[in-house]
Amino acid sequence: MNIISSFRLESKNLCVLFVLSLSLLFACAPERVQVNLIPQPVSIKQSKGYFKVDSVKAEKEGIESYIHCTIDSALKEIGNEGYLLSVTPERIELSATTSTGIYYGKKTLYQLLTSQGIPCIAIKDYPRFQYRGMHLDVSRHFFSKEEVLKLLDAMSYYKINTFHFHLTDNGGWRIQIDKYPKLTSMGSYRTEKDWLKWWDGDVREFVPENTPGAYGGYYTKEDIRDILQYAAERHINVIPEIEFPAHSDEVFVGYPELCCMGKPYTSGEFCIGNEKTFTFMEDVLSEIIELFPSKYIHVGGDEARKTAWKGCPKCQALMKRMNMKSLDDLQCYIIQKAETFLNSKGRTMIGWDEILKNDLDSSSIVMSYRGQRGAIVAANKGFRAVMTPGEVLYFDWYQAEPRTQPQAMYGFSPIKRCILSIQFR
Ligand SMILES: [Zn+2]
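Residues numbered from 1 in each chain as written. Predicted model: local features only at pLDDT ≥ 70, side-chain atom pairs only at ≥ 80, totals over all residues. Heavy atoms only, no water.

1. Some details on the confidence of the model for the protein chain
In this model, the protein chain carries an average pLDDT of 89, and 91% of its residues clear a pLDDT of 70 or more. Confidence drops under a pLDDT of 50 for residues 1-33, and excluding neighbours within four residues, the segment shows 134 contacts in the predicted structure. (pLDDT = per-residue confidence, 0-100. Contact = heavy atoms within 4.5 Å.)

Pasting the structure below:
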């Protein structure tokens, strides 16, 4: 996607890039309570008194030893992520149908913990949304494995269950692929750290790995396995995004034969008329599938400019052969190939809302980023959809009057608007 989220962390010149899916809140409780839980549970009843806990010891050693846990599959009302929590001065009881529910119940207990102990309370909680996601674009701005783990910790605190890991785009290729080593050795470092400066600059260049002063990086397969394990321990599914067919100049630096003009920095799109493109796509997706257990794999599918396809003999020959009427059909062609391949491997495709141009398989999922319309259209056609509308969920837009803010991409999406959209729409 061309619209990136950047959120500055403290005084460091770091930009955390993420999109928060429209799924943050568990169901909203109408009742006002003294305790401040985020997200608010479905129902909450507070009574006087505390279960006494040594808070310092509890923070250090955990609160597990204080809790009586029960897994009861008969509690169908709370689903597989919900929990029931009862705190009295004498006892803490936590019930759920799965270990995920128990995990979320413990997260709530940590939010309740005060220096006086845990307030006496009865909570019923289950999520309003199945997909509660956070997106991180590590292509435009690279983040170390440790920073990703820190984000996963923050997500788990708020019961966010999906991490959308945007690993490839025209800011850099960020994951080791054994069959195509030049993706990382030539396409993961660039001349300038500041994304906007680099993107808008006169010299937009990738440089080989180990070039002195270069900005970038990538995750080895070992790094990815560590991240996946860390996420799984926090009941977070990691959805990788590998971008097709546009935003791919970082690929063509090492493999120029995969674009129409045969050289990088010319169009950014794969040549759809070249069979090697599909060999590449299947090879890369195969290594991704081997690494990521997620049922869902994101393939991008957005913002192809298509101009190079117009003048490319191979693309034009394919259009003629397949009786295609417009350049859009070429974009649909590669997305359909990706979908068919993923389905053959037992996986489900997710794409940005431009994939609605396709005659999609009923299992595929549409991610609505150009406002909410894509999700509405998708839902009306019977597809599952994830809400990621830029105007409320892209955190790289300005949060307040621009002159008072760190540099942002553009736009205006204050956190207040985000919260309102989640609660009332
Ligand atoms: Zn072509």
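Further notes follow.
2. Examining the sheet that holds strand 5 (residues 67-71)
Pairing within the open sheet is mixed, and its five strands lie in the order 4-8-6-7-5. Both outer strands of the open sheet, strand 4 (43-51) and strand 5, are each paired with one neighbouring strand and no more. The mean inter-strand angle of the sheet, taken between neighbouring strand axes irrespective of direction, is 15 degrees. Both strand 5 and strand 7 (residues 92-96) contribute to a ladder of five bridges, which runs parallel. By the bridge assignment, Thr70 is partnered in strand 7 with Ser95. Relative to the sheet, helix 2 (residues 99-112) contacts strand 5, strand 6 (83-87), strand 7 and strand 8 (118-125), its axis offset from that of strand 6 by approximately 40 degrees. (Pairing = 2+ DSSP bridges. Helix = DSSP H or I, 4+ residues; strand = E, 2+ residues; numbered from the N terminus. Axes fitted to C-alpha atoms, helices over the stretch in contact; angles between N-to-C directions.)

3. Thoughts on the nonpolar core
The tendency in soluble globular proteins is for nonpolar side chains to be buried as a group. Grouped together as the largest cluster of nonpolar side chains are 74 residues, with contacts concentrated most on Leu152, Phe163, Phe165, Ile175, Tyr219 and Phe280. Beyond its immediate stretch of four places on either side in the chain, Phe280 contacts Trp173, Tyr180, Leu183, Phe244, Val251, Leu258 and Phe270. Counting residues in each nonpolar core, the second largest holds 23 residues, with Phe51, Ala96, Tyr103 and Ile121 among its members. (Core = buried A, V, L, I, M, F, W, Y, C linked by side-chain atoms within 4.5 Å. Buried < 20%, exposed > 50% of the residue type's maximum accessible area, 1.4 Å probe, protein only.)

4. Brief notes about the coordination of the zinc ion
Within the first shell, the zinc ion binds the protein through Cys260 (SG), Cys271 (SG), Cys312 (SG) and Cys315 (SG), at distances of 2.3 Å. Of note is the zinc ion, whose four donor atoms meet at the metal with angles of 106 to 114 degrees in an arrangement that counts as tetrahedral. All donor residues of the zinc ion come from one chain, and their arrangement in sequence is C-x10-C-x40-C-x2-C. Of this pair, Cys271 sits in the loop between helix 7 (249-252) and helix 8 (275-291) while Cys312 sits in the loop between helix 9 (307-310) and helix 10 (313-321), and the two are 41 residues apart along the sequence. For Cys271, a relative accessible area of 2% gives the class buried. Its relative accessible area of 4% is what places Cys312 among the buried residues. (Donors = N, O, S within 2.8 Å, 3.2 Å for Na, K, Ca; no water. Tetrahedral: all angles 85-135°; square planar, octahedral: opposite > 155°, others 65-115°.)

5. Looking at the side chain of Asn358
Examined against the element boundaries, Asn358 turns out to sit in the loop between strand 18 (348-352) and strand 19 (365-368). The buried category is assigned to Asn358, whose relative accessible area is 12%. In contact with Asn358, other than residues within four places in its own chain, are Cys332, Ile335 and Gln336.

6. Brief notes about the pattern of salt bridges
Using the criterion set out here, one finds 19 salt bridges in the structure. Between Arg225 and Glu222 there is a salt bridge whose closest N-O contact spans 3.3 Å. Of the two residues, Arg225 and Glu222 are both situated in helix 6 (residues 221-233); the distance of three residues between them amounts to about one turn of the helix. Using a relative accessible area of 41% as the deciding quantity, one classes Arg225 as partly exposed. Judged by relative accessible area, Glu222 falls into the partly exposed class, the value being 47%. Within this structure, Asp137, Arg140 and Asp169 form a network of salt bridges that share partners. (Salt bridge = Lys/Arg side-chain N within 4 Å of Asp/Glu carboxyl O.)

7. Description of the side chain of His247
In this structure, His247 sits in the loop between strand 16 (237-244) and helix 7. There is a polar contact of 3.0 Å between the side chain of His247 and the side chain of Glu303. (Polar contact = N/O pair within 3.5 Å; in protein donor to acceptor, adjacent residues only side chain to side chain.)

8. A closer look at the packing of aromatic side chains
Throughout the structure, instances matching the rule amount to 19 aromatic pairs. Ring centres of Trp198 and Phe206 lie 5.2 Å apart, and the angle between their planes is 70 degrees; this geometry places the pair in the edge-to-face category. On the accessibility criterion, Trp198 (1% relative accessible area) is buried. According to the relative accessible area criterion, Phe206 is buried, its value standing at 6%. By the ring-pair criterion, three or more aromatic residues cluster together here, those being Trp173, Tyr180, Phe244, Phe252, Tyr255, Phe270 and Phe280. (Phe/Tyr/Trp six-rings, centres within 6.5 Å; stacked < 30°, edge-to-face > 60°.)

9. Brief notes about the pairing of strand 19
Consecutive side chains of a regular strand alternate in pointing toward one face of the sheet and then the other. On strand 19, burial covers both faces: Ile365 and Met367 on one face and Val366 and Ser368 on the other are all buried. By the bridge criterion, three bridges tie strand 18 to strand 19 in an arrangement that is parallel. Bridge pairing in strand 19 places Trp352 opposite Met367. Pairing of strand 19 with strand 20 (residues 384-387), which is carried by four bridges, proceeds in the parallel orientation. When the bridges of strand 20 are listed, Ser368 appears paired with Met387. Between the parallel elements strand 19 and strand 20, the chain passes through helix 12 (residues 373-380) in a crossover that is right-handed. (Right-handed = clockwise from strand over helix to strand, strands pointing away.)

10. Notes on helix 12
Along helix 12, the positions that sit buried rather than exposed are Gly374, Ala375 and Ala378. One side of helix 12 carries all its buried residues, which in axial view fall inside an arc of 95 degrees. In helix 12, the exposed residues that point more than 90 degrees away from the buried face are Arg373 and Asn380. Phi for Gly382, located one or two positions after helix 12, is positive at around 95 degrees. (Arc of directions from axis to C-beta.)

11. Examining the pairing of strand 6
Across the two faces of strand 6 the burial differs, with Tyr83, Leu85 and Val87 buried and Leu84 and Ser86 not buried at all. Here strand 6 pairs with strand 8 via five bridges, running antiparallel. Bridging from a neighbouring strand, Leu84 pairs with Lys124 of strand 8. Relative to strand 7, strand 6 runs antiparallel, the two being bridged by four bridges. For Leu84, the partnering residue across the bridge sits in strand 7 and is Ser95. Linkage of strand 6 to strand 7, two consecutive antiparallel strands, is achieved through a turn of four residues.

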